[in-house]
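Inside the fold
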Amino acid sequence: MTTVAADPTTAVTYKYLRYETHDDGTIARIVLNRPKYRNAQNRGLLVELTEAFLRAEADDTVHVVILAGDGPVFSSGHDLGSSDYQAERTPGPDQHWSFTCTGATHDLVESRLHQEWHYFYENTRRWRNLRKITIAQVHGNVFSAALMLTWACDLIVAAEGTQFADVVATRLGMCGVEYFGHPWEFGPRKAKELLLTGDCLDAEDARALGMVSKIFPADELGDRTLEFARRIAQVPTMAALLVKESVNQSQDAMGFSTALDACFTIHQLNHAQWTHLSGGKSPVGTPELGLPDWKTAPPVQRVDPYRP
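I will try to describe carefully the structure that is included in this document. (Residues numbered from 1 in each chain as written. Predicted model: local features only at pLDDT ≥ 70, side-chain atom pairs only at ≥ 80, totals over all residues. Heavy atoms only, no water.)

1. A word on the sheet that holds strand 1 (residues 17-22)
In space, the six strands of this open sheet follow the order 1-2-3-4-6-9, with mixed pairing throughout. Bordering the open sheet on either side are strand 1 and strand 9 (214-216), each of which pairs with just one other strand. Adjacent strand axes in the sheet meet at a mean angle of 20 degrees when their direction is disregarded. Sitting on the sheet, helix 1 (residues 43-58) is in contact with strand 1, strand 2 (27-32), strand 3 (64-69) and strand 4 (133-138), with an inclination near 15 degrees to strand 1. (Pairing = 2+ DSSP bridges. Helix = DSSP H or I, 4+ residues; strand = E, 2+ residues; numbered from the N terminus. Axes fitted to C-alpha atoms, helices over the stretch in contact; angles between N-to-C directions. Contact = heavy atoms within 4.5 Å.)

Put into structure tokens, the structure is as follows:
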């Protein structure tokens, strides 16, 4: 996985996203571009996303980076079965290079430990610590692994009607996603409730928790987010970075990074359990193992304090 600065002067063609610049290059917008699959995160997209973030980080003209998504939803989470998902894992001309290294050749449990650390966990932490101010521009569904992309950003702007949920406990038998920011973003008891029920927060709920900064009409989201980014871009870059660093380091001093590390290990234990119970066939719960079929699961419900 690329972890060094990307040359911002070199033209790059992305397959799974778009990279735009605005206001003479002071604002960059990275747009997830798999609308057919509801911007589900396959390996190719995640690797490109890291490259795009590093490109913006290396460009001294860029002050603010916006992360957005094309189509009806921001992201439905991890890709669990598209044609791209199948091809990039299968040996052959379309296999993604990352499935031949970074631990991929080890046994099932160890392979997943290494692969998820590199491409689901450490990359998210890298985005969180990007040396630029970042804004998540979200709409529609922000489900499960989409929360990781969103929480990695410094600020979150949501369209009216946006839904936030982590459904992996109720649908896959997993204890939340790899970057376990839930207690910090939702609060401890609300995190437990949302994970154990699979219910969602709407944009207003998320704003009340302090997770979302702004809520805009869906048809104005892109333009209004750009206006918001312009305000942030006016702050001197050194001051903006030190504001970000001061808040992030305060959070880390309260145990954030240590807790993330511990919860990632717990996540791998959960995968190992399902790998064992399925005889090596699946790292998550399946209908054969007593879980409901996530493909036919009913829509998530908004959390309601007056409904069981």
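Continuing now.
2. Comments concerning the packing of aromatic side chains
Aromatic ring pairs are reported here in terms of the distance separating the ring centres and the angle at which the planes meet. Counted under the stated rule, the structure contains five aromatic pairs. Taking 4.9 Å as the distance between ring centres and 10 degrees as the angle between the ring planes, the aromatic pair formed by Y121 and F264 counts as stacked. Of this pair, Y121 sits in helix 3 (residues 108-128) while F264 sits in helix 11 (residues 256-277), placing them 143 residues apart in sequence. Of the residues examined, F264 reaches a relative accessible area of 4% and is grouped as buried. Taking the centre distance of 6.2 Å and the plane angle of 75 degrees together, the rings of Y179 and F256 count as edge-to-face. One end of the pair, Y179, is in the loop between helix 5 (168-172) and helix 6 (182-186); the other, F256, is in helix 11, with 77 residues separating them in the sequence. No difference in accessibility class separates Y179 from F256, as the two residues are buried. Its guanidinium or amino end placed over the ring of F99, R43 lies 4.2 Å from that ring's centre, counting from NZ or CZ. (Phe/Tyr/Trp six-rings, centres within 6.5 Å; stacked < 30°, edge-to-face > 60°. Buried < 20%, exposed > 50% of the residue type's maximum accessible area, 1.4 Å probe, protein only. Lys NZ or Arg CZ within 6 Å of the ring centre and 35° of its normal.)

3. Digging into empty space enclosed by the protein
For the structure on display, the rule yields one cavity of 30 Å³ or more. In this structure, the largest cavity is lined by L108, V109, R112, Q268, H271, A272 and T275. Contributing elements (two or more residues each) for the lining of the largest cavity: helix 3 and helix 11. With four residues, the single largest contributor to the lining of the largest cavity is helix 11. (1 Å grid on protein atoms, 1.4 Å probe; cavity = no way out; pocket = protein on both sides within 12 Å on 5 of 7 lines; lining within 4 Å. Points joined across faces, edges and corners; volume = space filled by probe spheres on them.)

4. Things to note about the nonpolar core
I30, L49, L67 and F164 are the most contacted members of the largest nonpolar core, which totals 57 residues. Here this core takes seven residues from helix 1, the largest share from any one element. Leave out the neighbours within four places in its chain, and L49 touches L17, I30, L32, L67, W127 and L149. Membership of the second largest hydrophobic core comes to 12 residues, among which are V64, I66, F216 and A233. (Core = buried A, V, L, I, M, F, W, Y, C linked by side-chain atoms within 4.5 Å.)

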